[in-house]
Amino acid sequence: MNTAGHSEATERRGLELTPFRGLRYDPDRVGSLAAVTSPPYDVVVRPDGVHHLESADPYNIVRLILPQAATPGTRNDQAAKTLRRWLSEGVLTTDPDPGLYVYEQRDGQGMLQRGVIGALRVTDPAEQVVLPHEDVMPHVVADRAALMRATSANLEPLLLTYRGDDSTTAMADLIERTAEQPPLLATTTEDGFSHRLWSVTAPADLTTIQTDLARHQALIADGHHRWATYRRLRTEHPSPSPWDHGLVLLVDTARYPLRVRAIHRLLHDLPVGDALAALDGRFRVRGLQVPLSEALEALADAACEGNAFLLAGDGSFHLVDRPDPDLLARTVPADRPTAWRTLDATVLHATLLDHVWHIPEDSPAHIAYIHDAAATVGKAERDGGTAVLMHPVREEVVRDLARQGVTMPRKSTSFGPKPASGLVLRALDF
């Protein structure tokens, strides 16, 4: 055997997607498939979000991904017992054959996204196969790891993207042909998105997908904490084991471009007046007496010229831009690429949170990360805190930094549409 050649081939391993027997709801046992789905665990942002989803159907997936109990240990035990009960009662059933799943989302306004769900080989960053672009918060990874250990399941897929080219046309054609067939399931969720799912089980079709993906690397679009969790849990279980793989959705953004939105910040203990007072002479501040939509347009215009933020929480909006260059030079680390040093999220975390407002970014007691602008503003107004609204980063910037091995500040981007949780799960103990 040519060990040198074998080693070189191993080093070039790309995305390795493995079929699995999906766990899916029996539509005859639930009110509707739409009623048992949920957004990903970290997007349930409304004050009554969990209660709303629990009320939608007694079998809503939120009971597994965000169990409610007094302590973390009790919550995770409860999720595990709930999962076992649903399996024994036939609420969740296992597909008969291992497969990969073609997944489609439409919003009725021209947005179409298709990708493939499967069990992806978990890799280390040094392999440059799966590229993270954001830092993670250790306490969130610990929380997700405890839940996965308790349930022995991947409860919701991560969203990964890759850039298809001429080498992936066979896979792209297969996805299109599959989408012309009757689906395993079809439903429309309350956000207006329609969802369809197909199983791909034919050996030749599986080989087509696996061969095409093996030439590519992927960017984590959504699910950095869950990917970090997969990596942690893989180290806890001797290989080979089911923990060597994790549930993902892979989308070719050359064919199906994602939307990139910002993730906003809610500063719990900082009133807007105090936040603005601390900015005096350090940033330009302009008051805006306009609706949220117009304020966000003003933010977008300002972001074209440089760093810009929108503060809210006192009934009006405050456009913050034009930071003092000397302040940036003192507070933003100089050992990173210019593209990283000029990110709004970098300036927010290094300059505003750390230096101006003295807010620890890794403390849930001080700061929350929220995907919806209106929800962020509403919570700030109710709680007396400050909403910091952000402008999204372009996908090309994210990918370029990731390829350089440079991670962005945590919660810098929100790619979407995100896969609905509850359409297909992966059990690791059978």
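Residues numbered from 1 in each chain as written. Predicted model: local features only at pLDDT ≥ 70, side-chain atom pairs only at ≥ 80, totals over all residues. Heavy atoms only, no water.

### Observations regarding the overall build of the protein chain
Formally: Counting from the N terminus, the helices are DSSP H or I runs at least four residues long and the strands are E runs at least two residues long. When we talk radius of gyration, it's over C-alpha atoms, and the globule rule is simply 2.2 Å times the number of residues to the 0.38. Throughout, a residue-residue contact means that at least one pair of heavy atoms, one from each residue, lies within 4.5 Å. The protein chains shown are the only cover counted for residues, whose accessible areas, like all others here, come from Shrake-Rupley with a 1.4 Å probe. All tallies of charge rest on Lys and Arg as positive and Asp and Glu as negative; His and the ends of each chain are not included. For the purpose of locating charges, the reference atoms are NZ of Lys, CZ of Arg, CG of Asp and CD of Glu.
Counting its regular elements, the protein chain contains 16 helices and 21 strands. Its C-alpha atoms give the protein chain a radius of gyration of 22 Å, within 12% of the compact-globule value 22 Å for 430 residues. Counting only C-alpha atoms and orienting by the principal axes, one finds that the protein chain spans roughly 65 × 55 × 45 Å. Considering only contacts in the protein chain between residues 6 or more positions apart, those separated by 24 or more positions represent 79%. In the structure as shown, the protein chain presents an accessible area of about 18300 Å², 50% of it carried by carbon and sulfur atoms. Distance from the positive charge centre (44 side chains) to the negative charge centre (57 side chains) of the protein chain: 3 Å.

### Some remarks on the pairing of strand β10 (residues 194–200)
For clarity, the cut-off: Whether two strands pair comes down to DSSP finding at least two bridges between them.
Looking at chain direction, strand β4 (residues 100–106) and β10 are connected through seven bridges and run antiparallel. Residue pairing for β10: Gln 105 is matched across the bridge by His 195. For strand β9 (residues 185–188) and β10, the ladder comprises four bridges, and the chain directions are antiparallel. Among the inter-strand pairings, Thr 187 is bridged to a residue of β10, identified as His 195. Between β9 and β10, which pair antiparallel and follow one another directly, the connecting turn spans five residues, one of which, Gly 192, has a positive phi of 90°.

### Digging into helix α9 (residues 224–236)
As a reminder of what qualifies: Here a helix's expected span is defined as the number of its residues, less one, multiplied by 1.5 Å. Relative accessible area decides the class of each residue, using a 1.4 Å probe on protein chains only: under 20% of the type maximum gives buried, over 50% gives exposed, and in between gives partly exposed.
In this model, α9 (13 residues) spans 19 Å end to end at C-alpha, consistent with the 18 Å of a helix rising 1.5 Å per residue. For α9, the set of buried residues is His 224, His 225, Arg 226, Trp 227, Ala 228, Thr 229, Tyr 230, Leu 233 and Arg 234.

### Remarks on the side chain of Thr 178
Put simply, the test is: Polar contact is the term for a pair of N or O atoms within 3.5 Å; when the atoms are in protein, one must be able to donate a hydrogen and the other to accept it, and sequence-neighboring residues count only if both atoms are side-chain atoms.
The residue Thr 178 is located in helix α7 (residues 169–178) in this model. Side-chain polar atoms of Thr 178 contact the backbone oxygen of Leu 174, separated by 2.8 Å.

### Some details on unusual backbone geometry
Among all residues except glycine, the phi angle is most often negative; among peptide bonds, the trans geometry is most common. Omega for the peptide link from Ser 239 to Pro 240 comes to 0°, which places this bond in the cis form. If you trace the backbone, Pro 240 turns up in the loop between α9 and β12 (245–252). The linkage connecting Gly 416 with the following residue, Pro 417, adopts the cis geometry, with an omega of 5°. With respect to the helices, strands and loops of the structure, Pro 417 is situated in the loop between β20 (414–416) and β21 (426–427). Here Gln 128, not a glycine, exhibits a phi torsion of approximately 55°, which is positive. Here Gln 128 lies in the loop between β5 (112–121) and β6 (130–131).

### Side note on the sheet that holds strand β17 (residues 317–321)
Formally: Comment: axis = line fitted to C-alpha atoms, over the contacting stretch for helices; angle = value between 0 and 180 degrees taken between N-to-C directions.
Taken in spatial order, the six strands line up as β15-β17-β16-β19-β14-β18 in an open sheet, and their pairing is antiparallel. Strands at the two margins of the open sheet, each flanked by one partner only, are β15 (284–288) and β18 (367–370). Strand-to-strand twist of the sheet, defined as the mean angle between neighbouring strand axes without regard to direction, takes the value 25°. Both strand β14 (residues 264–267) and strand β19 (residues 386–389) contribute to a ladder of three bridges, which runs antiparallel. Along β19, the bridge assignment pairs Arg 265 with Val 388.

### Quick word on the environment of Ala 262
Position of Ala 262 among the secondary structure elements: in the loop between β13 (259–261) and β14. Residues Ala 262 and Glu 236, 26 residues apart in the sequence, show an inter-C-alpha distance of 34 Å.

### Things to note about the packing of aromatic side chains
Rule in force here: Ring geometry is summarised as follows: Phe, Tyr and Trp rings, the Trp one being its six-membered ring, pair when their centres sit within 6.5 Å, and such pairs are stacked at plane angles under 30 degrees, edge-to-face over 60 and tilted between the two. Two conditions define a charge located above a ring, namely a distance within 6 Å from the ring centre to NZ of Lys or CZ of Arg, and an angle within 35 degrees of the ring normal.
Per the counting criterion, the structure on display carries four aromatic pairs. Ring geometry for Phe 20 versus Tyr 101: centroids 5.3 Å apart, planes at 55°, classification tilted. With a gap of 81 residues between them, Phe 20 in the loop between β1 (17–18) and β2 (23–25) and Tyr 101 in strand β4 connect regions that are remote in the sequence. Overall, Tyr 101 belongs to the buried group, its relative accessible area being 0%. On the numbers, 6.1 Å between centres and 70° between planes, the contact of Trp 227 with Tyr 230 is edge-to-face. You can see Trp 227 and its partner Tyr 230 sitting in helix α9, three residues apart, about one turn around the helix. As far as burial versus exposure is concerned, Trp 227 and Tyr 230 are alike and both buried. Here a set of aromatic residues connected by ring pairs shows up, and it is made of Tyr 25, Tyr 59 and Trp 86. One Lys or Arg, Arg 336, reaches over the ring of Trp 340 and ends 4.4 Å from the middle of that ring.

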